[in-house]
Amino acid sequence: MKTRTLGRDGPEVSAIGLGCMGMSAFYGGADEAQSIAVIHRALDLGVTLLDTAEMYGPHANEVLVGKALKDRRDQAFLATKFGINYNEDRSRLMTDGSPANVRRAIDDSLKRLGVDHVDLYYLHRVDPDTPIEDTVGAMADLVTAGKVRFLGLSEAAPETIRKAHAVHPITALQTEYSLWSREPEDALFALCRELGVGFVPYSPLGRGFLSGDIRSVDDLAPDDFRRSNPRFMGENFRKNLDLVEAVKAIAADKGVTAAQLALAWVLAQDPNLVPIPGTRRLPTLEQNVAAVDLSLTPDDLARIEAVFPKNAAAGHRYAEAARAALDR
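This one's a predicted model, so the numbers in the text were calculated from it and none came from an experiment. Residue numbers run consecutively from 1 along every chain, following the written order of its sequence. Only residues with pLDDT of at least 70 get local features here, since the model is predicted, and only at 80 or more are side-chain atom pairs given and counted; chain-wide, interface and lining totals rely on the full set of residues. No hydrogens and no water enter the side-chain calculation; it runs on all heavy atoms of the structure.

**With respect to the UniProt feature "domain: NADP-dependent oxidoreductase" (unreviewed entry) in the chain**
Line of reasoning, step 1. Mapped onto this structure's residue numbering, the UniProt feature "domain: NADP-dependent oxidoreductase" (unreviewed entry) falls at residues 16–307.
Line of reasoning, step 2. Each helix corresponds to a stretch of at least 4 residues labelled H or I by DSSP, and each strand to a stretch of at least 2 residues labelled E; elements are numbered beginning at the N terminus. Annotation note: span residues 16–307, helix share 41%, strand share 14%, distance between end C-alpha atoms 25 Å. UniProt positions are given in the numbering used here, feature names are shortened, and annotations may be inferred rather than shown by experiment.

The following block contains the structure:
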């Protein structure tokens, strides 16, 4: 497995990680034994960066990851997140970056994961009611206490990142990035390079859409949250499927899958990127990992850009409830 460094002075991790969210939440029912087998196979293949969060389940995904790592903790660079959850009727997301919640959340996560520390601890969403300096100051105390090794932010705006980094070095920024979500190119990439912050793209396959395997909304489970995602709805779905078909044609010319091409495209954008595609299936995991070794030529990149230019995707990447929690 090839490796990359998270940021200028950060840790070395596998060039591609594993997002574990879908094993427990949002994408319909899952099989625990199968998911643990996927995590074990990922470790066997040299994948070290495993990503989970308090809200996935909620809590169930951390428990699952903890079970998978029971005898293999030393093989994983373990990342988890805190600071966001749904209200009781799941109509909106609630953020909490208060120092008290920082202290509560890490202890609860460590207990669920069955570990004495996590390698990377993210603020999952920025709390507009708590100064970021206060949140990161409390997170820095966790580093001093040995409960956390490195700090990260998720979906944070440039000004927030600068303020946070001034309190304690931010090792990684996790934000959605893929062929159909390219907003980080506007300012975040340059800022991360300036500050020496690593960039971890989540949903690098557009929540599975860029794989080309989803042909209809009926391919999704009845309780799959993507059914309410704007890009998976109505005319947006059809327009986005046309974009994916063009990517599949380029992938076929190279003898790879559309997912592998889309992942290789992300990896080719900047050596500072460490994407974390998720999957619950062993064959998909192995295909994703193989994308690390796929080289794209300048002509390949130009062809992809021609059929799937920036801002080509139809629809917002989040429904309104989740959109409201994004740092502006």
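**Structural notes on helix 8 (residues 258–269)**
Line of reasoning, step 1. Compared with the 16 Å implied by 1.5 Å per residue over 12 residues, the 17 Å span of helix 8 between its first and last C-alpha is a close match.
Line of reasoning, step 2. Three or more residues of helix 8 are buried, namely Ala 258, Ala 259, Gln 260, Leu 261, Ala 262, Leu 263, Ala 264, Trp 265, Val 266 and Leu 267.
Line of reasoning, step 3. We call two residues contacting when some pair of their heavy atoms lies within 4.5 Å. Buried residues in helix 8 make contact with strand 1 (3–5), strand 11 (198–202), helix 7 (234–254), helix 9 (282–290) and helix 10 (298–307). To estimate the expected span of a helix, count its residues, drop one, and scale the result by 1.5 Å. Between buried and exposed lies partly exposed: a residue is buried under 20% and exposed over 50% of the maximum accessible area for its type, with that area taken using a 1.4 Å probe on protein chains only.

**Some details on the sheet that holds strand 5 (residues 77–82)**
Line of reasoning, step 1. Strands are labelled as partners when DSSP assigns at least two bridges between them. Spatial ordering of the open sheet is given by 3-4-5-8-9-10-11, a layout of seven strands whose pairing is parallel. Strands at the two margins of the open sheet, each flanked by one partner only, are strand 3 (18–19) and strand 11.
Line of reasoning, step 2. In this analysis, axes come from line fits to C-alpha atoms, helices being fitted only over the stretch in contact, and the angle between any two N-to-C directions falls in the range 0 to 180 degrees. Strand contacts of helix 6 (residues 188–195): strand 10 (172–176) and strand 11, with the helix running at about 145 degrees to strand 11, the strand carrying the most contacts.

**Describing the pattern of salt bridges**
Line of reasoning, step 1. Note on definitions: salt bridges are taken to be side-chain nitrogens of Lys or Arg within 4 Å of carboxyl oxygens of Asp or Glu. Using the criterion set out here, one finds 28 salt bridges in the structure.
Line of reasoning, step 2. Glu 32 is paired through a salt bridge with Lys 67; the nearest N and O atoms lie 3.3 Å apart. With a gap of 35 residues between them, Glu 32 in helix 1 (residues 32–44) and Lys 67 in helix 2 (residues 60–68) connect regions that are remote in the sequence.
Line of reasoning, step 3. Classification of Glu 32 as partly exposed rests on a relative accessible area of 42%.
Line of reasoning, step 4. A relative accessible area of 44% means that Lys 67 is categorised as partly exposed.
Line of reasoning, step 5. Between Arg 323 and Glu 320 there is a salt bridge; the shortest N-O distance is 3.5 Å. Here Glu 320 and Arg 323 lie together in helix 11 (residues 320–323), a separation of three residues that amounts to about one turn.
Line of reasoning, step 6. Residues joined in a network through salt bridges with shared partners are Glu 54, Glu 62, Arg 104, Asp 108 and Arg 112.

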